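Per-entry structural report
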Amino acid sequence: RPFQRGGQKPIVLVGGGTTKVGDPSGKDASRQLLDEEAIASNIEGISRVFGRFLTFGEGPTDALLVNNDAWLSPLSYLAFLRDYGRHFTINRMLSFESVKQRLARESPLSFLEFNYMILQAYDFLELHRRHGATLQFGGSDQWGNIISGVELGRRADGAQLFGLTAPLVTTADGKKMGKTAAGAVWLNEDLLSPYEYWQFWRNTADADVGRFLRFFTELPQDEVEKLEALRGAQINDAKVVLANEATRMLHGEACLAEIQATAASLFAAGGGGGGGGTASLKRVKLSADEAAAGVPVVDLFVSLELGKSKSEVRRLVAGGGAKLNDVKIEDAALLISTASFEAASEIKLSAGKKKHGVVELAQ
């Protein structure tokens, strides 16, 4: 995004081809191979997200989205080995940290996956040939694959290519903010609502606020310095700015008013069911027949993703962390029925202080 604003042309590469192989970049287990339909769906989702951060089009600095399946699938295996296999050595490939970690742990590393670094190196070569790409960005876990592409470009075409990597982001307590690790923050609203995305940034640890303002917003440096200098309860003001800016960049300005109304209700007034301040929360609907019969509260917690399983919700209830309209739920066998709503059209369920959802009674 900053490079595009500086006059460069970004090229977004989606791995429709390499997804069919797998990637040994630090994962202990082999990645599941996806079918064509799943790959196409993933590419569509990724493309939609990138469209919120970059400007795509036909202009000289407009971003371009390409799929490496266009050149990988038509490859002839024998011709590829002849033309490019000779540029790679097993010694060099074994020296990469991602491979060494898998071998040291005796984790399975198939020949299929082992070819990934060759294919990614070839991607860089093709991007240079087709679109004039000279610089490849990636996380630090991709360093070996990027360097392989730089070396292949020099050996095959005499091209001078470059790589730029960024350290994988960790929180102040050393935990990795992974993209496929448990608890990942999804960018697609069908997987994580705009309010939940906002809430993730609002719940940032005090020690991370300054770094995250620099990484994930476009605020001027002097404003970031003022915000990170806040202490005590005032640091919460900086967290709200972080949440607003990060959410605006991904989901747009329009959703912020609703999010802030929900946040004001939950953080300032303590929530309460049936209020207008719950509009941004995840919700499920009960039909009149369901409400008349009664629905187990543990089922609703799971439906609202306030717990991963019924057993987890039962433990939450036992620990005193499950609430209905801010009142502790004492019995995990509780049924939510028409009487639970009293005169309201919805009730709020909470898991702890920061996770909430709404059960709405269908009219």
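Please read all numbers here as calculations on a predicted model, not as lab measurements. In this numbering scheme, every chain counts its residues from 1 along its sequence in written order. In keeping with the model being predicted, local features are shown solely for residues with a pLDDT of at least 70 and side-chain atom pairs are shown and tallied solely at 80 or more, while totals for entire chains, interfaces and linings include all residues. Based on all heavy atoms of the structure, the side-chain values leave hydrogens and waters out of the count.

1. Considerations on the sheet that holds strand E5 (residues 283-286)
Each strand in a sheet pairs with its neighbour through backbone hydrogen bonds, running either in the same direction (parallel) or in the opposite one (antiparallel). In this description, strands pair whenever DSSP reports at least two bridges between them. Runs of E in the DSSP output that reach at least two residues are strands. Runs of H or I that reach at least four are helices, and both are numbered from the N terminus. Taken in spatial order, the 5 strands make up an open sheet running E5-E11-E10-E7-E8, and their pairing is mixed. In this open sheet, the two edge strands, each paired with only one partner strand, are E5 and strand E8 (327-328). Strand direction decides the pairing type here: E5 and strand E11 (residues 355-361), joined by 4 bridges, are parallel. In the strand pairing of E11, Val284 is matched with Val359.

2. A short note on the layout of surface pockets
The definitions used throughout rest on a 1 Å grid laid over the protein atoms alone, on which a cavity is an enclosed set of points accommodating a 1.4 Å probe that cannot get out and a pocket is an open set flanked by protein within 12 Å on both sides along at least five of seven lines; lining residues are those having an atom within 4 Å of a point. Grid points are joined across faces, edges and corners, and a volume is the space filled by probe spheres set on the points. In this model, the second largest pocket occupies a volume close to 320 Å³. Forming the boundary of the second largest pocket are 15 residues, of which Val21, Leu72, Tyr77, Asn115 and Leu119 lie nearest the centre. Mapped by element, the contributors of at least two residues to the lining of the second largest pocket are helix H3 (69-72), helix H4 (77-84) and helix H7 (111-114). When the residues that make up the lining of the second largest pocket are grouped by side-chain class, the tally is 8 nonpolar, 5 polar and 2 charged. Under the grouping applied here, Gly and all other residues not named as nonpolar or charged are polar, the nonpolar ones being Ala, Val, Leu, Ile, Met, Phe, Trp, Tyr, Cys and Pro and the charged ones Asp, Glu, Lys and Arg.

3. Considering the packing of helix H10 (residues 194-202) against helix H13 (residues 235-251)
To get an axis, fit a line to the C-alpha atoms, keeping to the stretch in contact for a helix; angles then go from 0 to 180 degrees between the N-to-C directions. Here H10 crosses H13 at 145 degrees, and the two axes come no closer than 8 Å. Between H10 and H13 lies a crossing whose hand is right-handed. Residues Pro194, Tyr197, Trp198, Trp201 and Arg202 of H10 form the contact with H13, whose own contacting residues are Asn236, Lys239, Val240, Leu242, Ala243, Asn244, Ala246, Thr247, Leu250 and His251. Residue classes in the contact of H10 with H13 are distributed as 9 nonpolar, 4 polar and 2 charged. When the near helix sits turned anticlockwise from the far one by under a right angle, the crossing is termed left-handed; a clockwise turn instead gives a right-handed crossing. Contact criterion: two residues are considered in contact whenever any of their non-hydrogen atoms come within 4.5 Å of each other.

4. Thoughts on the pattern of salt bridges
Two side chains with opposite charge may pair up if their charged atoms get near one another. Just to be clear on terms, a salt bridge is a Lys or Arg side-chain nitrogen sitting within 4 Å of an Asp or Glu carboxyl oxygen. Per the counting criterion, the structure on display carries 17 salt bridges. For Asp157, the salt bridge identified is with Arg129, shortest N-O distance 2.8 Å. A residue pair is termed long-range when its members are at least 10 positions apart, and Asp157 in helix H9 (residues 143-157) and Arg129 in helix H8 (residues 116-131) qualify at 28 residues. Overlapping salt bridges, with partners in common, bring together Glu126, Arg129, Arg130 and Asp157 in one network.

5. Thoughts on the nonpolar core
We define the nonpolar core as a collection of buried residues of types Ala, Val, Leu, Ile, Met, Phe, Trp, Tyr and Cys that are connected through side-chain atoms lying within 4.5 Å of one another. Using a 1.4 Å probe on the protein chains alone, a residue whose accessible area is under 20% of its type maximum counts as buried, one over 50% counts as exposed, and one in between counts as partly exposed. Judged by nonpolar contacts, the single largest core of 24 residues is most densely connected at Tyr195, Tyr197, Trp198, Trp201 and Leu213. Among the secondary structure elements, those contributing two or more residues to this core are H10, helix H11 (209-216), helix H12 (221-228), H13 and helix H14 (256-268). Take this core: its biggest share by element is 6 residues, from H13.

6. Looking at the pairing of strand E4 (residues 162-166)
Of the pairings in the sheet, the one linking strand E3 (residues 135-139) to E4 comprises 5 bridges and is parallel in character. For Gly139, the partnering residue across the bridge sits in E4 and is Ala166. Viewed with both strands pointing away, a crossover whose connecting path from the first strand over the helix to the second turns clockwise is right-handed. In this region the chain leaves E3, passes through H9 and returns to the parallel neighbour E4; the handedness of that crossover is right-handed.

7. What about H9?
The terminal C-alpha atoms of H9, which comprises 15 residues, lie 21 Å apart, in line with the 21 Å expected from a rise of 1.5 Å per residue. Buried within H9 we find Gly144, Asn145, Ile146, Ile147, Ser148, Gly149, Val150, Glu151, Leu152 and Gly153. Along its buried surface, H9 packs onto H4, helix H5 (90-94), H8, E3 and E4. Gly158 lies just past H9 and shows a positive phi near 65 degrees. To estimate how far a helix should extend, the number of its residues minus one is multiplied by 1.5 Å.

8. With respect to H13
Over its 17 residues, H13 runs 24 Å from end to end, which matches the ideal 24 Å to within 8%, given 1.5 Å per residue. By the burial criterion, the buried members of H13 are Ile235, Ala238, Lys239, Leu242, Ala243, Asn244, Ala246, Thr247, Met249, Leu250 and His251. Residue Gly252 follows H13 closely and has a positive phi angle near 95 degrees.

9. Some words on the environment of Glu97
Residue position: Glu97 is located in helix H6 (residues 97-104). Residues Glu97 and Tyr116, spaced 19 residues apart in sequence, show a C-alpha to C-alpha distance of 14 Å.

10. A word on the side chain of Asn68
As for its position among the elements, Asn68 is in the loop between strand E2 (64-67) and H3. A residue is classified by how much of its surface remains accessible, and Asn68, at 1% relative accessible area, is buried. Once residues within four sequence positions are removed from consideration, Asn68 is found in contact with Leu13, Val14, Gly15, Gly16, Gly17, Thr18 and Asp123.

11. Quick word on the packing of aromatic side chains
For Phe, Tyr and Trp, where Trp contributes only its six-membered ring, two rings pair if their centres lie within 6.5 Å, and the inter-plane angle classes them as stacked under 30 degrees, edge-to-face over 60, or tilted in between. Tallied over the entire structure, the rule returns 11 aromatic pairs. Ring centres of Phe212 and Phe216 lie 5.5 Å apart, and the angle between their planes is 75 degrees; this geometry places the pair in the edge-to-face category. Taken together, the positions of Phe212 and Phe216, both in helix H11 and 4 residues apart, correspond to about one turn of that helix. Exposure remark for Phe212: the relative accessible area of 3% places this residue in the buried category.

12. Points about the pairing of strand E1 (residues 11-14)
Burial along E1 is one-sided: the residues Val12 and Val14 are buried and none of Ile11 and Leu13 is. Inspection of the sheet shows E1 paired to E2 by 4 bridges, in the parallel sense. Paired with Val14 across the two strands is Asn67, which belongs to E2.

13. Some words on the confidence of the model for the protein
A residue's pLDDT is the confidence the predictor assigns to it, expressed on a 0 to 100 scale. Across the protein, the average pLDDT comes to 85, with 90% of residues at or above 70. This stretch, residues 268-276, has a pLDDT under 50; its non-local contacts, to residues over four places away or in other chains, come to 19 contacts.

14. Re unusual backbone geometry
Phi angles above zero are rare outside glycine, and Asn325 is one such case at about 50 degrees. Position of Asn325 relative to the elements: it lies in the loop between strand E7 (322-324) and E8. The exposure class of Asn325 is partly exposed, given its relative accessible area of 25%. Of note in the backbone geometry, Asp326 takes a positive phi value of approximately 70 degrees without being a glycine. On the secondary structure map, Asp326 appears in the loop between E7 and E8.

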